[in-house]
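The chain contents come next:
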Amino acid sequence: MRLADQLGLACGSLLANRLRTALILLAMATGIAGVVLLTWLGACARNYVADQFSGLGSNLVIVLPGRNETTGGAPPPLGESARDLTIDDAYSLERSSAVKAVVPVVAGGALVAFGNREREATVMGTTAMFLPVRRIEMAWGSFLPSGDPRSAPAVCVLGRTLREELFGSKPALGEWVRVGDRRYRVIGQVASAGRSLGTDLDEMVVLPVAAAQALFDTPALFRVLVEARSNEAIPRAVADTERILRERHEGELDVTVITQQSILDTFDGILRALTLAVAGIAAISLVVAGILIMNVMVISVAQRHVEVGLLKSMGATPSVIARVFLWESVLLSLGGALAGIALGELASRIAPSFVDALQPGTPPWSVGAALGVSLLTGIGFGVEPARRAASLDPVLALQRRA
Amino acid sequence: MIELAQVCRTFAVGTQLVRALQDVDLRIGRGEYLSLMGPSGSGKSTLLHVLGLLDRPTSGRYLLDGKDVTELGEVEAAAVRRQHIGFVFQSFHLVPRLTAARNIELPLVLAGMPPAERRERVAQQLGAFGLTDRAHHLPDQLSGGQRQRCAIARATIARPSLILADEPTGNLDRATGMDVVRVLEQLHHEGVALVVVTHDAELGRRAHRQLRMEDGRIVADTVHAAHVP
């Protein structure tokens, strides 16, 4: 029997029971749409995280003081204790040929005031190199002056939100603001760069690193941003950073060096696991849809005993009969899958107009997986009813006694 | 063409054994016209099913065209049915969702014939059975006589050499029944062997050879050589 004829018979039977077919398609489509949409949300979350990191600037290596790893040795005060990461430590990294730029960063909170307006804001101390390394632009004015990072001119740069809150529509350039118990002259405002990794430059005041250290009365850096010369130089930059700091800290590696990629990989792994878990939960609905298909096929076979007997009397082999019934369940599941994919695709194109973090378009692999899973469902749950039909005794089937 | 030797068929009904066929010996020649009569439960239908390879004898031997088909597997038996045998049933057994033309086409579809060739054969068959203007009607839009003619057209489209009819007029009124009988007899004139199971004595008498069954045995086998229907 020709394939087209098998499909034709199967389609004919599905069309003869329109309501039943439509309901099963709906069940299957719902399940598939769920799987497609949840994997799409997962993919959106991963893209979102990747975007956040690319906002940091590429080729970035981040040095944090302290090391979150257990080492042997006696407990403090006899044994080791984390040493501060200092400005001298930071600039010693420039010795490495893999390092293009070094940016020390100090961070803390302080009260920022202009006139009678006060705001609690994040204070970041850094150097002129922060701007190119983090790929940030100025809205107006100038950024911190380049020059000796150990000198502390009394200037500051504001973020947009903070400037608006302190100055409203009045010009801020050249005005003096109070940060903590010191006064700094406003020399510029950074352009809005959006959020990246939870630090919102819009709400910050940026001081020269030495000024921030004096303000917080500590020589310790919050972190050091190291820009490698190229993407390929990142591993060497990491190795050199660790080597140099180990030397400077008496053989003790008491800093943590992370790369953008390593953070990204971690997030990616977590999000991938989450996506799979959520898609797995959604897949349960596919099993339910599969059971529905099986149920309907069992009923269909029972209602068509005479037809099966007739086909057998006309010389249909058991395998032909099995295939006709199997096609029915496969067509049901594939039809439902296509409808579900269309539904998911539609939703994934509409939703992004309401939620910024979502990108339109379901990932192609999820569409492929949905088709594959639905095909497996159709075959898996269709085999038993098809086998039942194929094994009917023709005489009993024709007499409706089977 | 057909040779049954010592064919028995027993069914287990609960703990009881029902002997539907007991030591049936029967030879049917090519193109013969047989009627098979007898009371209910005498084994007529079982014999018809055995002849059509839908049922298998419990013991004995069945030769079809000199070939032993007693022990054929399901797939081979299906092939023999496809090529040699056409069934006509009392309740027509048309597939309700298929049009007359589609129903008639089914055996060719099962045989895997290309659609273009099929269309031609179906058109011929529709013409021969006076169903051309009913080709695209569904079975429930046809009269009883038209349904049975459609079923006979289906049974014969693959040009079988044996037609097995189980009470073909049982669901039809007298006039329509006669119409169907004439259609079947026309096939016989074209050289097809015809076995008709019937309760209707008048219909039974039209056959050239009349078998009477009781309790699973053939108790009478009369031949009317000069019979003219």
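Predicted model only: the values in this text are computed from it and were never measured.

Enquirer: Would you mind going over the overall build of chain A with me for this structure?
Expert: Helix and strand counts for chain A come out as 12 helices and 12 strands. Its C-alpha radius of gyration of 33 Å places chain A more than 25% over the 21 Å reference for a compact globule of 402 residues. Taken over the C-alpha atoms alone, chain A extends approximately 100 × 55 × 35 Å along its principal axes. Of all 402 residues assigned to chain A, the portion counted as buried reaches 40%. Across chain A, every contact between residues at least 6 apart in sequence was considered, and the portion connecting residues at least 24 apart equals 82%.

Enquirer: It is not clear to me how the overall build of chain B should be interpreted in this structure. Could you clarify?
Expert: In terms of helices and strands, chain B carries 7 helices and 10 strands. Since a compact globule built from 229 residues should have a radius of gyration of about 17 Å, the 18 Å found for chain B is in line with a globular shape. Once the C-alpha set of chain B is aligned to its principal axes, its extents read approximately 50 × 40 × 40 Å. Looking at the 229 residues of chain B, the share that counts as buried comes to 46%. For chain B, the proportion of contacts with a sequence separation of at least 24, taken over those separated by at least 6, is 69%.

Enquirer: Just checking my understanding: could you explain the packing of helix 8 (residues 260-303) of chain A against helix 10 (residues 318-350) of chain A for this structure?
Expert: For any two helices packed against each other, one specifies the crossing angle of their axes together with the interaxial distance. Residues and elements named next belong to chain A. At a closest axis distance of 10 Å, the pairing of helix 8 and helix 10 adopts a crossing angle of 145 degrees. Handedness of the helix 8/helix 10 crossing: right-handed. Residues Ala289, Ile293, Met297 and Val301 of helix 8 lie in contact with helix 10, whose contacting residues are Phe325, Glu328, Ser329, Leu332, Ser333 and Gly336. Each residue belonging to the contact of helix 8 with helix 10 can be placed in one class, and the counts come to 6 nonpolar, 3 polar and 1 charged.

Enquirer: Is there a simple way to think about the nonpolar core in this case?
Expert: Generally speaking, a soluble globular protein has its nonpolar side chains buried in company with each other. One finds Ile32(A), Ile321(A), Leu36(B), Leu194(B) and Val195(B) to be the most contacted residues of the largest nonpolar core, which totals 120 residues. For this core, the element with the most residues is helix 2 (residues 18-54) of chain A, which contributes 14 residues. Ile87(A), Leu158(A), Val190(A) and Leu225(A) belong to the second-largest nonpolar core, a separate cluster that totals 57 residues.

Enquirer: For this particular structure, what's the right way to read the sheet that holds strand 4 (residues 59-64) of chain B?
Expert: Strand pairing in a sheet relies on backbone hydrogen bonds. The paired strands run either parallel or antiparallel. Residue and element names in this part refer to chain B. Strand order across the open sheet formed by 4 strands is 2-1-4-5, with antiparallel pairing between neighbours. On the outer flanks of this sheet lie strand 2 (16-28) and strand 5 (67-68), each paired with one strand and no other. Bridge analysis of strand 4 against strand 5 gives 2 bridges, and the strand direction is antiparallel. Looking across to strand 5, one finds that Leu63 is bridged to Asp68. Across the sheet, helix 1 (residues 44-51) is in contact with strand 1 (2-13), strand 2 and strand 4; its angle to strand 2 comes to roughly 60 degrees.

Enquirer: Is there a simple way to explain the environment of Leu346(A) in this structure?
Expert: By the element assignment, Leu346(A) lies in helix 10. Between the C-alpha atom of Leu346(A) and that of Pro360(A), which follows or precedes it by 14 residues, the distance is 9.1 Å.

Enquirer: What is the right way to look at the interface of chain B and chain A in this model?
Expert: When the parts of a complex come together, some accessible area is lost, and that lost area is often taken as the interface size. Contacts between the two partners involve 21 residues from chain B, matched on the other side by 21 residues from chain A. For the side of chain B that touches chain A, the secondary-structure elements that each account for two or more residues are helix 2 (74-84) and helix 3 (100-111) of chain B. In terms of residues, the side of chain B that touches chain A owes the most to one element, helix 2 of chain B, which gives 6 residues.

Enquirer: What's the story with the packing of helix 10 of chain A against helix 11 (residues 364-390) of chain A in this structure? I'm lost.
Expert: All names here are of chain A. At their nearest, the axes of helix 10 and helix 11 sit 7 Å apart, and the two run at 150 degrees to each other. In this view, helix 10 runs roughly antiparallel relative to helix 11, as classed from their interaxial angle. By crossing handedness, the relation of helix 10 to helix 11 is classed as right-handed. In the contact of helix 10 with helix 11, the residues fall into 21 nonpolar, 9 polar and 1 charged.

Enquirer: Which parts of the structure should I look at to understand the environment of Ser300(A)?
Expert: If you trace the backbone, Ser300(A) turns up in helix 8. Distance in space between the C-alpha atoms of Ser300(A) and Tyr91(A) is 79 Å, their sequence separation being 209 residues.

Enquirer: Explain helix 2 of chain B here, please?
Expert: Where helix 2 of chain B is concerned, the buried positions are Ala77(B), Ala78(B), Arg81(B) and His84(B). Mapping the buried residues of helix 2 of chain B onto a view down its axis gives an arc of 160 degrees, with all of them on the same face.

Enquirer: Whenever I open this one, the domain arrangement of chain A confuses me. Can you help?
Expert: The domain architecture assigned to chain A consists of domain 1 (3-52 + 268-398) and domain 2 (83-253). Look at where the C-alpha atoms of domain 1 of chain A and domain 2 of chain A centre, and you get two points 56 Å apart.

Enquirer: Can you help me understand unusual backbone geometry in this one?
Expert: Glycine aside, residues mostly have negative phi, and peptide bonds are mostly found in the trans state. All names here are of chain B. The phi angle at Phe92 is positive, at roughly 65 degrees, despite the residue not being glycine. Topologically, Phe92 is positioned in the loop between strand 6 (85-88) and helix 3. Its 22 C-beta neighbours within 10 Å are what place Phe92 among the buried residues.

Enquirer: Looking at this structure, I do not really get the confidence of the model for chain B. What am I missing?
Expert: Residues shown with low pLDDT carry predicted positions that ought not to be read at fine detail. Put simply, chain B has an average pLDDT of 92, and 98% of its residues get 70 or more. Predicted complex, confidence summary: ipTM 0.93, pTM 0.73.

Enquirer: What am I meant to see in helix 8 of chain A here?
Expert: Three or four residues apart is the spacing at which side chains of an α-helix point the same way, because the helix has 3.6 residues per turn. The end-to-end C-alpha separation of helix 8 of chain A is 63 Å, in line with the 64 Å expected for 44 residues at 1.5 Å each. Regarding helix 8 of chain A, the residues found buried are Thr275(A), Ala279(A), Ala283(A), Leu286(A), Ala289(A), Gly290(A), Ile293(A), Val296(A), Met297(A), Ser300(A) and Val301(A).

Enquirer: I would appreciate a short explanation of the sheet that holds strand 8 (residues 193-197) of chain B in the present structure.
Expert: All names here are of chain B. Spatial ordering of the open sheet is given by 6-7-8-3-9-10, a layout of 6 strands whose pairing is mixed. Each having just a single partner strand, strand 6 and strand 10 (217-223) make up the two edges of the open sheet. Across the sheet, the mean angle from the axis of one strand to that of its neighbour is 15 degrees, orientation sign disregarded. By the bridge criterion, 4 bridges tie strand 3 (residues 33-37) to strand 8 in an arrangement that is parallel. Considered in strand 8, the bridge of Leu36 is made with Val197. Helix-sheet contacts for helix 1 involve strand 3, strand 7 (162-166), strand 8 and strand 9 (209-214), and the interaxial angle to strand 8 is about 150 degrees. Seen against the sheet, helix 6 (residues 174-189) touches strand 3, strand 7 and strand 8 and runs at an angle of roughly 150 degrees to strand 8.

Conventions adopted
Residues numbered from 1 in each chain as written. Chains lettered and ligands numbered in written order. Predicted model: local features only at pLDDT ≥ 70, side-chain atom pairs only at ≥ 80, totals over all residues. Helix = DSSP H or I, 4+ residues; strand = E, 2+ residues; numbered from the N terminus. Rg over C-alpha atoms; globule rule 2.2 N^0.38 Å. Buried ≥ 20, exposed ≤ 12 C-beta atoms within 10 Å, placed from the backbone. Contact = placed C-beta atoms within 7 Å. Axes fitted to C-alpha atoms, helices over the stretch in contact; angles between N-to-C directions. Left-handed = near helix turned anticlockwise from the far one by under 90°. Nonpolar A, V, L, I, M, F, W, Y, C, P; charged D, E, K, R; others polar. Core = buried A, V, L, I, M, F, W, Y, C linked by C-beta atoms within 7 Å. Pairing = 2+ DSSP bridges. Parallel < 35°, antiparallel > 145°, perpendicular 65-115°, else oblique. Arc of directions from axis to C-beta. Domains from an automatic or database assignment. pLDDT = per-residue confidence, 0-100. Expected span 1.5 Å × (residues − 1).

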